[in-house]
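Coordinate analysis (summary)
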Amino acid sequence: MNTPPQIPLDLSPEPAPSFSNFLLSDSNRSAVKTLMAWPDWPSPIILLLGPQGSGKTHLGQAWASKSKGVFVDEASVLTEADLFEVMNKALNGEISGLLLADKHSPTDWGISLPDLRSRLTNTPVITLQEHDDEILEPIIRKLFEDKGRVVSQDLITYLLKYHERSVSAQRDLVKALEAAAQRQKADITKAFAAKYLKRRSERDLFTVPGEE
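Read on for an overview of the structure. Note that the coordinates shown come from a computational prediction; the quantities given were computed from them, not determined experimentally.

Details of the packing of helix α5 (residues 133-146) against helix α6 (residues 153-162)
Axis separation between α5 and α6 bottoms out at 10 Å; the angle between their running directions is 120°. By the angle class used here, α5 and α6 are oblique. In this structure, the crossing between α5 and α6 has a hand that is right-handed. Contacts from D133, L136, E137, I140, R141 and F144 in α5 reach Q153, L155, I156, L159 and L160 in α6. Residues of the contact of α5 with α6, tallied by class, amount to seven nonpolar, one polar and three charged.

With respect to unusual backbone geometry
A cis amide bond, omega 10°, links W38 with the succeeding residue P39. Position of P39 relative to the elements: it lies in the loop between α1 (29-36) and β1 (45-49). Notably, K68 is not glycine yet its phi reads approximately 60°, a positive angle. Structurally, the position occupied by K68 is in the loop between α2 (56-67) and β2 (70-72).

A word on the environment of F71
Turning to its location among the elements, F71 is positioned in strand β2. Apart from the residues lying within four places of it in its own chain, the contact partners of F71 are K56, T57, G60, Q61, W63, A64, L99 and A101.

Re the layout of surface pockets
If you add up the space inside the largest pocket, you get close to 660 Å³. What lines the largest pocket is a set of 26 residues, among which G55, T57, H58, S166 and S168 lie closest to the centre. Elements supplying a minimum of two residues to the lining of the largest pocket: α2 and α7 (167-184). In terms of residue class, the lining of the largest pocket is made up of seven nonpolar, eleven polar and eight charged. Considering only enclosed or pocket space, the second largest pocket measures out at about 170 Å³ in volume. Around the second largest pocket, the lining residues are L47, L49, S105, P106, T107, G110, I111, R117, L120, T121 and V125. Mapped by element, the contributors of at least two residues to the lining of the second largest pocket are β1 and α4 (114-121). With three residues, α4 is the single largest residue contributor to the lining of the second largest pocket. For the lining of the second largest pocket, the per-class residue count stands at six nonpolar, four polar and one charged.

Quick notes on the rules
Residues numbered from 1 in each chain as written. Predicted model: local features only at pLDDT ≥ 70, side-chain atom pairs only at ≥ 80, totals over all residues. Heavy atoms only, no water. Axes fitted to C-alpha atoms, helices over the stretch in contact; angles between N-to-C directions. Helix = DSSP H or I, 4+ residues; strand = E, 2+ residues; numbered from the N terminus. Parallel < 35°, antiparallel > 145°, perpendicular 65-115°, else oblique. Left-handed = near helix turned anticlockwise from the far one by under 90°. Contact = heavy atoms within 4.5 Å. Nonpolar A, V, L, I, M, F, W, Y, C, P; charged D, E, K, R; others polar. 1 Å grid on protein atoms, 1.4 Å probe; cavity = no way out; pocket = protein on both sides within 12 Å on 5 of 7 lines; lining within 4 Å. Points joined across faces, edges and corners; volume = space filled by probe spheres on them.

Okay, structure coming up:
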């Protein structure tokens, strides 16, 4: 009887999002400075815009923990009525502050209520950019080193090009690659990662929600 392969588990807790463990770079320094200036904001409401993986959720949770204000991620998916209500609460002082985050500008939200559209237009905006390679490359390398792996530059370049450019997503991928490599007793190379991501993409494509 064959013994099933052991799946290694990394049970170390992820650190709670905070300003102190957010990756600062020239692309986000101004936005972080504005958020950390709370309660000295130019308005009770600020709109945080940036692409997926730029750190909006991390910063929003860090700010909400510090300020006890309300953070709304993917604000564009709220109904117009709910969005209008929470903005009113912030403007009326019923909540200590409101941070709305989204990857799209409000001009692309399809807002039909004139008053809501006007308020969003007049809301101060701060923007984030994707983490640059100078920040992400040493972090990814360190994630592999923490697993006892020394990996090539072409692997890291590949992961930056074909996977979400956020620390959390790259951390999860390193864990998944390490687990797969241990099961197969393989080295983690560019070819190994490409094969793993292709298989995972195909699995996700053909998996029916609710099925294992």
